[in-house]
Amino acid sequence: MIFETHAHYDDEQYEEDRDRLLGSMQENGISRIVNAGASIETTEKGIRLAEKYPFVYAAAGVHPSETAQLDEDSFVRLKKLAIHPKTVAVGEIGLDYYWDKEPDVQEKQRYWFRRQLELAAQLGLPVIIHSRDASADTLAIMKEACDMHIPGVIHCFSYSVETALEYVSMGYYIGVGGVVTFKNAKKLKEAVEKIPLANILLETDCPYMAPEPYRGKRNSSLYLPYIAAKIAEIKGMTQQEVIEATWNNACRMYRMDA
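Residues numbered from 1 in each chain as written. Predicted model: local features only at pLDDT ≥ 70, side-chain atom pairs only at ≥ 80, totals over all residues. Heavy atoms only, no water.

Visitor: I would appreciate a short explanation of the sheet that holds strand S7 (residues 173-176) in the present structure.
Guide: Note on sheets: strands pair through backbone hydrogen bonds, and any given pair is parallel or antiparallel. On the basis of which strands lie adjacent, the open sheet formed by 8 strands has the order S1-S2-S3-S4-S5-S6-S7-S8 and parallel pairing. The open sheet is flanked by strand S1 (2-7) and strand S8 (200-202), the only strands paired with a single partner. On average, adjacent strands in this sheet sit at an angle of 30° to one another, irrespective of strand direction. Lying over the sheet, helix H4 (residues 103-123) contacts strand S4 (87-96) and strand S5 (127-132), oriented at roughly 160° with respect to S4. Lying over the sheet, helix H5 (residues 135-147) contacts S4 and S5, oriented at roughly 155° with respect to S5. (Pairing = 2+ DSSP bridges. Helix = DSSP H or I, 4+ residues; strand = E, 2+ residues; numbered from the N terminus. Axes fitted to C-alpha atoms, helices over the stretch in contact; angles between N-to-C directions. Contact = heavy atoms within 4.5 Å.)

Visitor: Sorry, what's going on with empty space enclosed by the protein here?
Guide: Over the atoms a probe the size of a water molecule is rolled, and this reveals where empty space is left. Using the criterion set out here, one finds 1 cavity of 30 Å³ or more in the structure. By volume, the largest cavity is sized at about 50 Å³. Taken together, Cys156, Phe157, Gly175, Val176, Gly177, Gly178, Val179, Leu188, Glu203, Thr204, Asp205 and Met209 form the lining of the largest cavity. Considered class by class, the residues forming the lining of the largest cavity number 6 nonpolar, 4 polar and 2 charged. (1 Å grid on protein atoms, 1.4 Å probe; cavity = no way out; pocket = protein on both sides within 12 Å on 5 of 7 lines; lining within 4 Å. Points joined across faces, edges and corners; volume = space filled by probe spheres on them. Nonpolar A, V, L, I, M, F, W, Y, C, P; charged D, E, K, R; others polar.)

Visitor: Honestly, the packing of aromatic side chains in this entry has me stumped. Any pointers?
Guide: Any two aromatic rings considered together are summarised by their centre-to-centre distance and by the angle between their planes. Counting across every chain of the model gives 12 aromatic pairs. The cationic tip of Arg115 hangs over the ring face of Phe75; the distance from NZ or CZ to the ring centre is 4.6 Å. Geometry around Phe182 places Arg215 over its ring, the cationic atom sitting 3.7 Å from the centre. (Phe/Tyr/Trp six-rings, centres within 6.5 Å; stacked < 30°, edge-to-face > 60°. Lys NZ or Arg CZ within 6 Å of the ring centre and 35° of its normal.)

Visitor: What is the right way to look at the pattern of salt bridges in this model?
Guide: Opposite charge on two side chains makes pairing possible when the charged atoms of those side chains draw close. Scanning the model with the defined rule gives 12 salt bridges in all. The partner of Arg18 in a salt bridge is Glu15, and the shortest N-O contact between them spans 2.8 Å. Between Arg110 and Glu107 there is a salt bridge, with the nearest N and O atoms lying 2.8 Å from each other. Separated by 3 residues within a single helix, Arg110 and Glu107 lie in helix H4, roughly one turn from each other. A residue is classified by how much of its surface remains accessible, and Arg110, at 18% relative accessible area, is buried. Residues participating in the shared-partner salt-bridge network are Asp17, Arg20 and Arg218. (Salt bridge = Lys/Arg side-chain N within 4 Å of Asp/Glu carboxyl O. Buried < 20%, exposed > 50% of the residue type's maximum accessible area, 1.4 Å probe, protein only.)

Shape is all these values report; function is a separate question.
Here's what the structure looks like:
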């Protein structure tokens, strides 16, 4: 029973074999999947997948690099998607300054980040947070979210041990994916070593960021055991202990029965 907390099966890379691949998940121990939205369109596709497959759930959100599509009318559409019965989170949302360097663009990202956090608070949903090259601003805004009692996960964590521990102190989860298996992933491995297992979630971010030995190839939830095995190695425990703990963590965050 492995819980995939962050996937993108709406992606065009799955056009030819999506049904076959998703149809193989449960027989391979992948019992639940959350498909994260990155735009209005991908959120809609994720919900359609969740309607088709009982073990798939959706997150409704607009990625920071897609916030140009947001205005008051499109935000109303997003709200409607967020109240769908199989929507279990608002995400992925956050800040990404890697591509967007212009101050006005970054300010727009912060504005819609806060608006989507407010939506999560209104609906009582957790959040899935994307943050790239925006550590200080993301942390500051997530402190505001903590004050609003919004639970969530820092997806694809890439910052320092100290930052990870600060998120953990606020009750947030750290999403750990295929990068933890990379030889050069020193910061992430240090964070995994230091933070409690009770604050770790398994994720792939597929079709991106495949773990070793599949690095550079299309990723899928079927590779989650490699991530669990590396976390177990780092923390000096069994792979099964990691799988069971992260299952319970994900069920707790997404407010599902274990």
